[in-house]
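As a plain string of letters, each chain reads:
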Amino acid sequence: MDRELSVIIDLVNEAYPDLAILDSLDEWLSNKFNPPIAFVQTQAVTERANTLTTYKVIADAGIVLHHPKVKGVYQPISTDPLRLLLRKERYGYRGKTDGLYIDIDNSTFRVRSERKDRTEITFRFEYTAAVPKDAVEKINTFEIEEDWS
């Protein structure tokens, strides 16, 4: 699992601790799951150099909250827990799994609830990652020649 998806899963787990999470696109498209459930997906948009040792990644996230059906009527899942968590954290979030910190662009935060069976939440976020270093053999022993003459 990539780091971007991992941090979004952590975010949804914190906002909705009792909600199951689905991250497989094939399984989601096959519609073989039982609501209530959250489907999460991320997609990298761009990467660019930030400093000599880091680069900045911009990505999109999508969260789909599938509502449970009770007596033939869909019971919407509120977006308030997620909104409150993000406001409290000033639209930044540090993942619990690997510690990745994302900065969410609150101007891109969109909630769509046109369909009765789901609520779709999308936003753009960015994070800074370290440039991978080549493995360098370290010298652990030193030979010193001394001339005491």
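No experiment lies behind these values; they were computed from the predicted model shown. (Residues numbered from 1 in each chain as written. Predicted model: local features only at pLDDT ≥ 70, side-chain atom pairs only at ≥ 80, totals over all residues. Heavy atoms only, no water.)

Novice: When you look at the sheet that holds strand 1 (residues 20–22) in this model, what are you seeing that I'm missing?
Specialist: Hydrogen bonds along the backbone pair up the strands of a sheet, which may run parallel or antiparallel. Strand order in the open sheet formed by six strands is 1-2-3-8-7-6, and the pairing between neighbours is mixed. Each having just a single partner strand, strand 1 and strand 6 (92–94) make up the two edges of the open sheet. Averaged over all neighbouring strand pairs, the angle between strand axes comes to 30 degrees, with direction disregarded. Packed onto the sheet, helix 1 (residues 3–15) meets strand 1, strand 2 (37–49), strand 3 (54–66), strand 6, strand 7 (101–112) and strand 8 (118–130) and runs at close to 140 degrees relative to strand 2. (Pairing = 2+ DSSP bridges. Helix = DSSP H or I, 4+ residues; strand = E, 2+ residues; numbered from the N terminus. Axes fitted to C-alpha atoms, helices over the stretch in contact; angles between N-to-C directions. Contact = heavy atoms within 4.5 Å.)

Novice: Quick question: what am I supposed to make of the packing of aromatic side chains here?
Specialist: Given two aromatic rings, one states the distance between the centres and the angle between the planes to describe the pair. Applying the stated criterion across every chain yields a total of five aromatic pairs. When the ring of tyrosine 91 is compared with that of phenylalanine 109, the centres are 6.3 Å apart and the planes differ by 75 degrees; the resulting orientation is edge-to-face. Residue tyrosine 91 is found in the loop between helix 3 (80–88) and strand 6, and its partner phenylalanine 109 is found in strand 7; the two are separated by 18 residues along the sequence. Every member of this aromatic cluster is reached through a ring pair, and the members are Tyr91, Phe109, Phe123, Phe125 and Tyr127. (Phe/Tyr/Trp six-rings, centres within 6.5 Å; stacked < 30°, edge-to-face > 60°.)

Novice: Teacher, can you tell me more about helix 3 here?
Specialist: Think of an α-helix as 3.6 residues a turn; residues three or four steps apart then line up on the same face. Those residues of helix 3 lying buried are Leu82, Leu85 and Leu86. One side of helix 3 carries all its buried residues, which in axial view fall inside an arc of 95 degrees. Facing away from the buried side of helix 3, by more than 90 degrees, are the exposed residues Leu84 and Lys88. Looking at the buried positions of helix 3, the neighbouring elements they touch are helix 1, strand 3, strand 6, strand 7 and strand 8. A positive phi of about 55 degrees marks arginine 90, the residue just after helix 3. (Buried < 20%, exposed > 50% of the residue type's maximum accessible area, 1.4 Å probe, protein only. Arc of directions from axis to C-beta.)

Novice: Sorry, what's going on with helix 1 here?
Specialist: Helix length check: helix 1, at 13 residues, gives a terminal C-alpha distance of 19 Å against a target of 18 Å (1.5 Å per residue), a fit within 8%. With respect to burial, helix 1 is a largely interior element, ten of its 13 residues being buried. What helix 1 keeps buried is the set Glu4, Leu5, Ser6, Val7, Ile8, Ile9, Asp10, Leu11, Val12 and Ala15. (Expected span 1.5 Å × (residues − 1).)

Novice: Help me understand the layout of surface pockets, please; the structure alone is not making it clear to me.
Specialist: Once rolled over the atoms, a probe with the size of a water molecule shows which space is left empty. Considering only enclosed or pocket space, the largest pocket measures out at about 190 Å³ in volume. As for the largest pocket, its lining consists of 13 residues, of which Gln41, Ala61, Gly62, Ile63 and Thr122 are closest to the centre. Elements that contribute at least two residues to the lining of the largest pocket include exactly strand 2, strand 3 and strand 8. For the lining of the largest pocket, the element with the highest residue contribution is strand 3, accounting for five residues. Across the lining of the largest pocket, the residue classes tally to six nonpolar, five polar and two charged. (1 Å grid on protein atoms, 1.4 Å probe; cavity = no way out; pocket = protein on both sides within 12 Å on 5 of 7 lines; lining within 4 Å. Points joined across faces, edges and corners; volume = space filled by probe spheres on them. Nonpolar A, V, L, I, M, F, W, Y, C, P; charged D, E, K, R; others polar.)

Novice: Quick question: what am I supposed to make of the pattern of salt bridges here?
Specialist: A pair can form between side chains of opposite charge whenever their charged atoms are brought close. This model, assessed by the stated rule, comprises eight salt bridges. One salt bridge connects aspartate 60 with arginine 124, and the closest N-O pair in it is separated by 2.8 Å. Linking aspartate 60 in strand 3 with arginine 124 in strand 8, this pair joins segments that are 64 residues apart in sequence. Note on arginine 124: relative accessible area 32%, which makes it partly exposed. Where glutamate 120 meets arginine 118, a salt bridge forms, and the shortest distance between an N and an O atom there is 3.9 Å. Taken together, the shared-partner salt bridges connect Arg115, Asp117, Arg118 and Glu120 into one network. (Salt bridge = Lys/Arg side-chain N within 4 Å of Asp/Glu carboxyl O.)

Novice: Teacher, can you tell me more about the environment of tryptophan 148 here?
Specialist: Its location among the elements puts tryptophan 148 in the segment after strand 8. Sequence-wise, tryptophan 148 and threonine 97 are 51 residues apart; in three dimensions their C-alpha atoms are separated by 57 Å.

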